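Each chain, written out:
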Amino acid sequence: MNSVAMQVVDTPEKFHPAAEEAAQALTSLLRELAAMENKSFAQYTRLCKKGQVIEFKDGVRREFTDIQDWKEEMKRRFAALLDPHCTQKLIAQRRDCLHAQHFPSTFNCLNTGCTLTVTMKSAGKAAVQLIPDEGSVPFDLSDPDVRYLVDDMKSGGHGAQCYGHFQKFRFVLKLEADGWKLDEVSSDSLHGDRWRRDWGF
């Protein structure tokens, strides 16, 4: 079953294929970001509870025992993921790149249920709204890090700060020579009407 309902609105017919291409590129990036955020939050939980995190990346063992060192490394990793998909304007405006502020990831809804509404009125620029389905937060238990965090919640560990799941986002994408790039990101509460710039991208 497809967890993403895509709608192309207020868009000339000739732009529909490009609008869908922009939305698919965004969906792929945000799914990767969601997995990385959930993994990062799981690592943070382990670091807080056990005082260390050990990982093997590209055959290299790495150990973290200091939370601040770990946060700086996470900032670098999130920037490395996002930078190739952002315009230089958006990168220059970035204030920080520390994601995974809560669990589950804000973009977990791409795996559990959401609507993408795409508008493209001119060539090379698309606007996409991401709106999660309402109701209780459905955890994606196929992800081992999500299972770990859900079990941790049940045993009295970190609570799931589910308010983040019920945010909606608005993305402006520009078509550049090497593909669609994020040019502006805004967010709001699910039923709000006051969009605020997201400076974390």
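Residues numbered from 1 in each chain as written. Predicted model: local features only at pLDDT ≥ 70, side-chain atom pairs only at ≥ 80, totals over all residues. Heavy atoms only, no water.

(A) Highlighting the pattern of salt bridges. As enumerated under the stated definition, the model contains 10 salt bridges in all. Between Glu73 and Arg62 there is a salt bridge, with the nearest N and O atoms lying 3.4 Å from each other. You can see Glu73 sitting in helix α2 (residues 67–82) and its partner Arg62 sitting in strand β3 (residues 60–64), a full 11 residues away along the chain. Given a relative accessible area of 10%, Glu73 falls into the buried group. (Salt bridge = Lys/Arg side-chain N within 4 Å of Asp/Glu carboxyl O. Helix = DSSP H or I, 4+ residues; strand = E, 2+ residues; numbered from the N terminus. Buried < 20%, exposed > 50% of the residue type's maximum accessible area, 1.4 Å probe, protein only.)

(B) Structural context of the sheet that holds strand β5 (residues 125–132). Taking strand neighbours across the sheet as the criterion, the six strands line up as β1-β4-β5-β6-β7-β8 in an open arrangement whose pairing is mixed. A single partner strand is all that each edge strand has here, and the edge strands are β1 (4–8) and β8 (196–197). In this structure, β1 lies alongside strand β4 (residues 114–122), joined through five bridges in parallel fashion. Each bridged residue has a counterpart across the sheet, and for Gln7 the counterpart in β4 is Thr117. Here helix α1 (residues 16–50) sits on the sheet in contact with β1, β4, β5, β6 (167–176) and β7 (179–189), set at roughly 150° to β1. (Pairing = 2+ DSSP bridges. Contact = heavy atoms within 4.5 Å. Axes fitted to C-alpha atoms, helices over the stretch in contact; angles between N-to-C directions.)

(C) Up close: the nonpolar core. Leu30, Leu33, Phe107, Leu130, Phe171, Leu182 and Phe201 are the most contacted members of the largest nonpolar core, which has 39 residues in total. Going through the elements one at a time, α1, α2, α4 (109–112), β4, β5, β6 and β7 are the ones with two or more residues in this core. Here this core takes nine residues from α1, the largest share from any one element. Filtering out sequence-adjacent residues up to four positions away, Phe201 remains in contact with Leu30, Leu33, Leu82, Cys86, Leu90, Arg94, His99, Phe107, Phe171, Leu182 and Val185. Counting residues in each nonpolar core, the second largest holds six residues, with Phe41, Ala42, Phe103 and Val150 among its members. (Core = buried A, V, L, I, M, F, W, Y, C linked by side-chain atoms within 4.5 Å.)

(D) Fine view of unusual backbone geometry. We note that Asp10 has phi near 50°; this positive angle belongs to a residue other than glycine. Mapped onto the elements, Asp10 comes out in the loop between β1 and α1. Positive phi outside glycine occurs at Asp58, with the angle close to 55°. Among the secondary structure elements, Asp58 is positioned in the loop between β2 (53–57) and β3.

(E) Inspection of helix α5 (residues 144–154) at higher detail. Residues of α5 that are buried: Asp145, Val146, Leu149, Val150 and Asp152. Considered in projection along α5, the buried side chains sweep an arc of 160° and stay on one side of the axis. Along α5, the residues that are exposed and aim more than 90 degrees away from the buried face are Pro144 and Lys154. Looking at the buried positions of α5, the neighbouring elements they touch are α1. (Arc of directions from axis to C-beta.)

(F) Molecular detail of α1. Its 35 residues give α1 an end-to-end C-alpha distance of 51 Å, which sits within 8% of 51 Å, the value for a rise of 1.5 Å per residue. Downstream of α1 by one or two residues, Gly51 has phi in the positive range, about 80°. (Expected span 1.5 Å × (residues − 1).)

(G) Broad picture of the pairing of β4. Of all nine residues in β4, seven are buried; the element is thus mostly enclosed. Alignment of β4 against β5, held across seven bridges, turns out to be antiparallel. Counterpart to Thr119 in the pairing with β5 is Ala127. In this antiparallel pair of consecutive strands, β4 and β5, the connection spans two residues, and Gly124 shows a positive phi of 90°.

(H) Region of interest: the packing of aromatic side chains. If you walk through the whole model with that rule in mind, you get seven aromatic pairs. Taking the centre distance of 4.9 Å and the plane angle of 50° together, the rings of Phe107 and Phe169 count as tilted. Of this pair, Phe107 sits in the loop between α3 (88–93) and α4 while Phe169 sits in strand β6, placing them 62 residues apart in sequence. Look at Phe169 and you get buried, because its relative accessible area is 3%. Judged by centre distance (6.1 Å) and plane angle (75°), the ring pair of Phe107 and Phe201 falls under edge-to-face. Of this pair, Phe107 sits in the loop between α3 and α4 while Phe201 is found in the segment after β8, placing the two residues 94 residues apart along the sequence. (Phe/Tyr/Trp six-rings, centres within 6.5 Å; stacked < 30°, edge-to-face > 60°.)

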